[in-house]
Number of protein chains: 2
Amino acid sequence: MRPAQSESMPTRPDPATPSSAIQPPATDPTLIFEHFRGSYGSELLTVAVAHFNLFGLLAAGPQSLTYLCHKLGLETRPANVLLTALQAMQLVERADNDRYAVTPLAREHLVPGAPFEVCDYVGLAANAPGVLEMAERLRSNRPAESGDDEGAAFIYREGIKSAMESTALARHFTLALAGRAKNVAPVLADRLSMDNVSRVLDIGGGTGIYSIALLQKHQHLSAVVLDRAEVLKVAAEMAQQYGVADRLELVAGDMFADPLPPDCQAVLLSNILHDWDVPQCQKLVHRAAQALPPGGRLWIHDVYLNDNLDGPLPIALYSAALFTLTEGRAYSQAEYRGWMHDAGLTTSAAIPTLVHCGVLTGTKPIRSSPNEPRR
Amino acid sequence: MRPAQSESMPTRPDPATPSSAIQPPATDPTLIFEHFRGSYGSELLTVAVAHFNLFGLLAAGPQSLTYLCHKLGLETRPANVLLTALQAMQLVERADNDRYAVTPLAREHLVPGAPFEVCDYVGLAANAPGVLEMAERLRSNRPAESGDDEGAAFIYREGIKSAMESTALARHFTLALAGRAKNVAPVLADRLSMDNVSRVLDIGGGTGIYSIALLQKHQHLSAVVLDRAEVLKVAAEMAQQYGVADRLELVAGDMFADPLPPDCQAVLLSNILHDWDVPQCQKLVHRAAQALPPGGRLWIHDVYLNDNLDGPLPIALYSAALFTLTEGRAYSQAEYRGWMHDAGLTTSAAIPTLVHCGVLTGTKPIRSSPNEPRR
């Protein structure tokens, strides 16, 4: 499994034993992440019952997203996160395409005054710190700031304080998040075809672990990681450690504004779009599509909500985590496909990887071929 | 389903329409309680990883409960709660009867330094308020106090401030907890035989909802609820509302110290023992057994952990909730049976009711009959 080693890699600290990024874990860590995120279910349920009286609002009949947003003072993103989770919990269902209704379960147990309601039981947690924090996040539609005034931790954009601008914090968060990515990267590298790809652009690649796995798997490949300068310090260490520094270019920049590195036949957005709201996602997908040559591929590697945004529950709770920590949420394949189609790409079936993730491929048509299938 | 009504009930406010406590809910609310308690899983996992380094401690080999308690500074109750939940999450397993080991899943992903560990990812929640609170509860082995200095909410004992001594709070908590009990009581009343029982003692009966259901189901029956005076104010209202005030006696007292009301052929401990630590449970079971006539029955209606205290997960998380709010935890049928046998009772198979609950029956032998089966 280990790549052949060249003696002409002067930058590798221990050329005899580079780490492997293509050996997958023996056990699937998904369950650990699901246990870890159970708190989001508790908090969203308690907020819905004890702070928003959502089930009381729906008791008289189905209501539209617009009505609920207005009534609860919520923007679309938090309303989506909440309603997705409550649908996944079987407490809310669609009455029709745009209207939400209580399920029989919620009608009997979560509507105030119902004979078998347990609202006050759930309300015993109304003032738990995590519940109050979730209510505030939903109302403000802003990611949490770390307690020590370091700003939003996981994203960077102009005008928002980001922990990714502090060397020590960027290193800590980048490596912490890489714990999950290390498990997933070998599976992604195993499942992606590199036919006609000699250079990959890894946008927001962080530690670069996904690129590193691709490079270890495919000896002909080179890659570019585009990320913030502080984050790339970690990627540089990793490239050494994994013995691919000679084929991994690190480019500091702003993925929303700076020119994208040229000459890449594929662009990878691995667990990036879920950090951003819809307009930013559309912009990134469009920029990636623009940067690709005809026949080039965009890989969106991420978790996927059901196309009607009603589950599955583990992704709905991960979506709540993303909501509270970033400007994003989990999206559906339908949403990703829509943005890719808008950017002129054709899409194919998603391939599952690990820890709830999968990869969707968008292909830029070869305009010179009139027989190229389009959809 | 509604009991026949007598015109000689002067205390009933609306004799034409007493509420029914014996009509069960149409939908099973269990799922709601499971979603509600997901936070305990998040918190216990995060404390184990980020505050106790439990998986690091176990990496070198299995360790006894005694060793872990000593190393982590934990008493037996919190250690049990934590280890039960981690076993239910498939992260810890028994190496033998008394020694705990990491599972292959935890060894690969939760031992610091392991190639696929996600300790720092889990550690991102290390300072979440709920996690810090859980770590403190586990270390102190004391129930949480409400923020407004009202004392431990759900239990009463000498020397501990209890919300059950404040009229308003006692009413609020008693009614909140009754939300769950209202769902379960009809099922319990349906499944318990009242053969040879004309009077039931309901120890710590709160709103009295369990007794009320039994009284509505069985017209020959009378019952006594023993609880704190403030709690019984709610029970008195409920007895009126449900039209059974003429058959329900309310006795204020201390279940650990005061003489138990006599002439009851059955004693009900419904969701009471889980509020107390082992010595108090043993004392209550012993007192109940002493109060029974030969042939009398003790019903322990509660949730049950597996006999080897390794799950199931929803009960393990409920146990964590009980741990943080009371002096108790969830117990196994084996533990309850042991205490009943020690008190001279014979036991029979548990009967499931609702919302994870079931009822165990202990019978006091009729000493005059040498053929009475014992076990």
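### Focus: the sheet that holds strand β2 (residues 92-94) of chain B
Residues and elements named next belong to chain B.
Link 1 in the chain: The three strands lie next to each other as β1-β3-β2, forming an open sheet whose pairing is antiparallel. Bordering the open sheet on either side are β1 (63-64) and β2, each of which pairs with just one other strand.
Link 2 in the chain: One ladder, built from two bridges, connects β1 with strand β3 (residues 99-102); its direction is antiparallel. Pairing of Ser64 across the sheet is with Arg99, part of β3.
Link 3 in the chain: The strands that helix α5 (residues 76-88) touches are β2 and β3; relative to β2, the one it contacts most, it runs at about 100°.

### Let's talk about the domain arrangement of chain A
Residue and element names in this part refer to chain A.
Link 1 in the chain: Once the domains are mapped, chain A shows domain 1 (30-141) and domain 2 (179-310 + 323-363).
Link 2 in the chain: Here the C-alpha centroids of domain 1 and domain 2 sit 33 Å apart.
Link 3 in the chain: With 17 residues of domain 1 in contact, the opposing surface of domain 2 contributes 14 residues.
Link 4 in the chain: In total, domain 1 and domain 2 occlude about 1400 Å² of area from one another, counting both sides; carbon and sulfur atoms represent 61% of this.
Link 5 in the chain: Sorting the residues of domain 1 by area buried against domain 2 places Phe33, Arg77 and Thr84 first, and these three jointly supply 39% of that buried surface.
Link 6 in the chain: Run the count over domain 1 and domain 2 and you get zero salt bridges.
Link 7 in the chain: Our count for the domain 1 to domain 2 interface comes out at eight residue pairs in polar contact (both at pLDDT 80 or more).
Link 8 in the chain: Elements represented by at least two residues in the side of domain 1 that touches domain 2 include exactly α1 (30-36), α5 (76-88) and α8 (129-140).
Link 9 in the chain: At seven residues, the largest contribution of residues to the side of domain 1 that touches domain 2 is made by α5.
Link 10 in the chain: Here the side of domain 1 that touches domain 2 is composed, by residue class, of seven nonpolar, five polar and five charged.

Conventions used here
Residues numbered from 1 in each chain as written. Chains lettered and ligands numbered in written order. Predicted model: local features only at pLDDT ≥ 70, side-chain atom pairs only at ≥ 80, totals over all residues. Heavy atoms only, no water. Pairing = 2+ DSSP bridges. Helix = DSSP H or I, 4+ residues; strand = E, 2+ residues; numbered from the N terminus. Contact = heavy atoms within 4.5 Å. Axes fitted to C-alpha atoms, helices over the stretch in contact; angles between N-to-C directions. Domains from an automatic or database assignment. Buried area = accessible area lost by both parts, 1.4 Å probe. Salt bridge = Lys/Arg side-chain N within 4 Å of Asp/Glu carboxyl O. Polar contact = N/O pair within 3.5 Å; in protein donor to acceptor, adjacent residues only side chain to side chain. Nonpolar A, V, L, I, M, F, W, Y, C, P; charged D, E, K, R; others polar.

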